[in-house]
Amino acid sequence: MITPALDAATLEKLISAAVAAPSIHNSQPWRFRLTPEAAAVEVRAARERALPAVDPEGRALYISVGAAVLNLRIAARALGWAPRVRLLPDPGEPDLLATVVLDQPAGATPAVSPELQDAIWRRHSLREPFTDQVVPNTVLAELAEAARGEQAWLDFPDSGERHRLLELTAEAERRSVTDPARRAESRSWIQGPGGGSYGIPPEALGPQDAAGRIPMRDYSGLRPAEHQAPATFEADPCLAVLSTLGDHPADWLRAGLALENVLLHATVHGVRATMLHQALEWSALRWEARDPERGPGVVQMLLRLGYGPEGARTPRLAVSEVLDADGATDGARDVGHVTAPDRDHPGGRADGRTADGGRRTGGRVDGWTGGQVAERPVARLSPW
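Residues numbered from 1 in each chain as written. Predicted model: local features only at pLDDT ≥ 70, side-chain atom pairs only at ≥ 80, totals over all residues. Heavy atoms only, no water.

S.K.: Looking at this structure, I do not really get the overall build of the protein. What am I missing?
M.R.: A tally of regular secondary structure across the protein gives nine helices and 10 strands. Of the contacts made within the protein by residues no fewer than 6 positions apart, 78% connect residues no fewer than 24 positions apart. (Helix = DSSP H or I, 4+ residues; strand = E, 2+ residues; numbered from the N terminus. Contact = heavy atoms within 4.5 Å.)

Next up, the structure:
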C-alpha cells in the first residue's frame, strides 16, 4: 500500500490544525518537529510559555499539548494516514511529550467525519452568557463517549453537585484575584493595544455574571475600570466534569486528548463551552472537586456547556513560530512512495496564504468566515 507525502505544505496543514487547540490563557505552550527518518511529528513543551504561578506542576500545560495532539491526529487521518500517538516516548527527553507516527495509510474508509474535521476550525471557547436552551441528553451521551474513547470520563453532576462545584470555583476565583503572583501572571496574558499572536485580547475576556451564580475568570483582577459590564447568565448551567483514573503526566496528556475530542463533538452539535478551571489550580480545592460517589477518578477539567453567540476569538501563533527550524521540510520529502492527492485544508498553503486566498499575519487569518473544511482558512480561537 502507498502512503501520502509529508512535504512542506502537508506539514503546515498538520501543524495549523494542532495549534487551533485550546490552551490555558491562550499560552500555546507547544513546539513541533518533523523527524523524517521516523516518519513522525514530535510535539514538545514550550516551557517559555508556561504559567509557573497558576500551573506550577505543568498539568494545564500537558492538557493543552494533549489537545493539540488530538487535532494533529484528526488532521493526519483526514489527509490519508493511520496515525499512531505515543505519549512521553523518551524518558530522557522530558520536554518531548508525544510523537505522532505517520507511516501507515488510513485505508479506503475515512476514519474521521468531515463534520469533526470542520469543527477544528470552528471550535472556540465562549465566555459570554448562554441561553436557557437545554443540551439534549443524546448530545451529552455522545460527549461522554468521546471522552471514553481517550481513556477519560465525562460526568454531568446533578443540581446539588453543580452548586457545590460552582462554590468551589468561586472560592478559587477569590483566592486567585487576591494572590499577587497569580493576579500579575493572569494580567500579563492580556494583550495590549498592539495585540499579538498569543494571549487574550480584551474583547475576549467576557463579562461577569450579574447574579454571581457562575464565577467567570477575572483576568484583570481588582481593576474595575477594565471590567466589562456584568451580564445575565443562564439560570441553571449545564456542567460537565472531565476526569482520569490517574494523575500523572501521561494522564494529563490523555485529559487533553479527551477534552479536545469532547469540544469538537460539542461544536458539531452547535454546543459552546467554557473552561471553569480555577478550582483545579489550587491543590486542596482540586481534591474537593472530586465526587467520591463516582469512583476514584481525578478531576482534570470543569466545563460549562450550552448555546450562545459566536463571541470573540483569539489569535494563534503562525506555523513558522512553533515549528523547529530543523524540522521544516525543504520541498517534497516523501514518507511513502507517492505524493497524496491535493486536499485543500484550512491554513494549508506553504506560501502563507489560506485556501481561499487570505493572507496569514502573525497567526491570524484575514477574512475568515468559517464553513466547510475544504474551503476555509484558520479561525482565530478562544482561550480557556
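The structure having been displayed, the exposition proceeds.
S.K.: Sorry if this is basic, but what is going on with helix α1 (residues 8-18) here?
M.R.: Given 3.6 residues to a turn, an α-helix orients residues that are three or four positions apart in the same direction. By the criterion of burial, α1 is predominantly enclosed, with nine of the 11 residues buried. By the burial criterion, the buried members of α1 are Thr10, Leu11, Glu12, Lys13, Leu14, Ile15, Ser16, Ala17 and Ala18. (Buried < 20%, exposed > 50% of the residue type's maximum accessible area, 1.4 Å probe, protein only.)

S.K.: How do you make sense of the side chain of His124 when you look at a structure like this?
M.R.: Here His124 shows up in the loop between α3 (114-122) and α4 (137-148). His124 sits in the buried class, given a relative accessible area of 4%.

S.K.: So what exactly am I meant to see when it comes to the environment of Leu263 here?
M.R.: Positionally, Leu263 belongs in helix α7 (residues 249-268). Judged by relative accessible area, which is 4%, Leu263 ranks as buried. Between the C-alpha atoms of Leu263 and Ser125, which are 138 residues apart in sequence, the distance is 9.0 Å. Contact partners of Leu263, with chain neighbours within four places excluded, come to Pro22, Arg123, Ala273, Met275 and Leu303.

S.K.: Any chance you could explain the nonpolar core here in plain terms?
M.R.: The tendency in soluble globular proteins is for nonpolar side chains to be buried side by side. Grouped together as the largest cluster of nonpolar side chains are 76 residues, with contacts concentrated most on Leu14, Ile15, Phe32, Leu72, Leu154 and Leu303. At 13 residues, the largest contribution of residues to this core is made by helix α2 (residues 59-78). With sequence-adjacent residues up to four places away left out, Phe32 is seen in contact with Ile15, Ala18, Val19, Val41, Glu42, Val43, Ala68, Leu72, Val322, Leu323 and Asp324. Core analysis: the next-biggest nonpolar cluster, separate from the first, contains 18 residues, Ala231, Val241, Ala279 and Trp282 among them. (Core = buried A, V, L, I, M, F, W, Y, C linked by side-chain atoms within 4.5 Å.)

S.K.: Would you mind showing me how to read the sheet that holds strand β5 (residues 153-155) here?
M.R.: Two modes of strand pairing occur in sheets, parallel and antiparallel, and in both the strands are linked by backbone hydrogen bonds. One open sheet holds the four strands; their spatial order is β5-β6-β8-β7, and the pairing between them is antiparallel. The strands lining the two open edges of the sheet, one partner per strand, are β5 and β7 (272-275). Averaged over all adjacent pairs, the angle separating strand axes in this sheet is 30°, with direction ignored. Inspection of the sheet shows strand β6 (residues 238-244) paired to strand β8 (residues 298-306) by seven bridges, in the antiparallel sense. (Pairing = 2+ DSSP bridges. Axes fitted to C-alpha atoms, helices over the stretch in contact; angles between N-to-C directions.)

S.K.: Looking at this structure, I do not really get the sheet that holds strand β2 (residues 40-45). What am I missing?
M.R.: With antiparallel pairing, the four strands of this open sheet are ordered in space as β1-β2-β4-β3. Of all the strands in the sheet, just β1 (30-35) and β3 (84-87) have a single pairing partner and so form its edges. Recorded for the sheet is a direction-independent mean angle of 20° between the axes of neighbouring strands. Two elements, β3 and strand β4 (residues 96-101), share four bridges in a ladder whose sense is antiparallel. By the bridge assignment for β4, Arg86 is matched with Thr99. The sheet strands contacting α2 are β1, β2, β3 and β4, and the helix crosses β4 at an angle near 5°.

S.K.: Honestly, unusual backbone geometry in this entry has me stumped. Any pointers?
M.R.: Negative phi values dominate among residues other than glycine, just as trans dominates among peptide bonds. Here Asn26, not a glycine, exhibits a phi torsion of approximately 50°, which is positive. Note on placement: Asn26 falls in the loop between α1 and β1. Relative accessible area serves as the criterion here: at 0%, Asn26 is assigned to the buried category. Backbone geometry at Gln28 places phi at a positive 50°, although glycine is not the residue there. Relative to the helices and strands, Gln28 resides in the loop between α1 and β1.

S.K.: When you look at the pattern of salt bridges in this model, what are you seeing that I'm missing?
M.R.: When their charged atoms lie close together, side chains carrying opposite charge are able to pair. For the structure shown, the criterion picks out 20 salt bridges. Between Asp118 and Arg122 there is a salt bridge, with its nearest N and O atoms 2.8 Å apart. Placement of the pair is Asp118 and Arg122 together in helix α3, with a separation of four residues, close to one helical turn. With relative accessibility at 9%, the residue Asp118 sits in the buried group. Accessibility expressed as a relative area gives 27% for Arg122, which makes it partly exposed. The shortest N-O distance in the salt bridge between Asp247 and Arg286 comes to 2.7 Å. Taken together, the positions of Asp247 in the loop between β6 and α7 and Arg286 in helix α8 (residues 283-289) put the pair 39 residues apart, joining distant regions of the chain. Look at Asp247 and you get partly exposed, because its relative accessible area is 28%. Take Arg286: its relative accessible area is 11%, and that puts it in the buried class. (Salt bridge = Lys/Arg side-chain N within 4 Å of Asp/Glu carboxyl O.)

S.K.: What should I look at first to understand the confidence of the model for the protein in this one?
M.R.: Summarising the model, the protein shows a mean pLDDT of 85, and 82% of its residues fall at 70 or more. In the model, residues 329-380 has pLDDT below 50 throughout and makes 127 contacts with residues more than four positions away in sequence or in other chains. (pLDDT = per-residue confidence, 0-100.)

S.K.: Would you take a moment to explain the side chain of Arg286 for this structure?
M.R.: Reaching out from Arg286, the side chain makes a polar contact with the side chain of Gln300 at a distance of 3.1 Å. Apart from residues lying up to four places away in sequence, Arg286 is in contact with Arg59, Asp247, Trp252, Ala279, Leu280, Val298, Val299 and Gln300. (Polar contact = N/O pair within 3.5 Å; in protein donor to acceptor, adjacent residues only side chain to side chain.)

S.K.: Any chance you could explain the packing of α2 against α3 here in plain terms?
M.R.: Describing two packed helices takes the angle between their axes plus the distance from one axis to the other. Orientation of α2 relative to α3, taken along the N-to-C sense of each, is 135°, at an axis distance of 10 Å. It follows from the interaxial angle that α2 and α3 lie oblique. Crossing handedness for the pair α2 and α3: left-handed. In this structure, α2 uses Asn71, Ile74 and Ala78 to contact α3, whose residues at the interface are Leu116, Gln117 and Ile120. Looking at the contact of α2 with α3 residue by residue, the class counts come to four nonpolar, two polar and no charged. (Parallel < 35°, antiparallel > 145°, perpendicular 65-115°, else oblique. Left-handed = near helix turned anticlockwise from the far one by under 90°. Nonpolar A, V, L, I, M, F, W, Y, C, P; charged D, E, K, R; others polar.)

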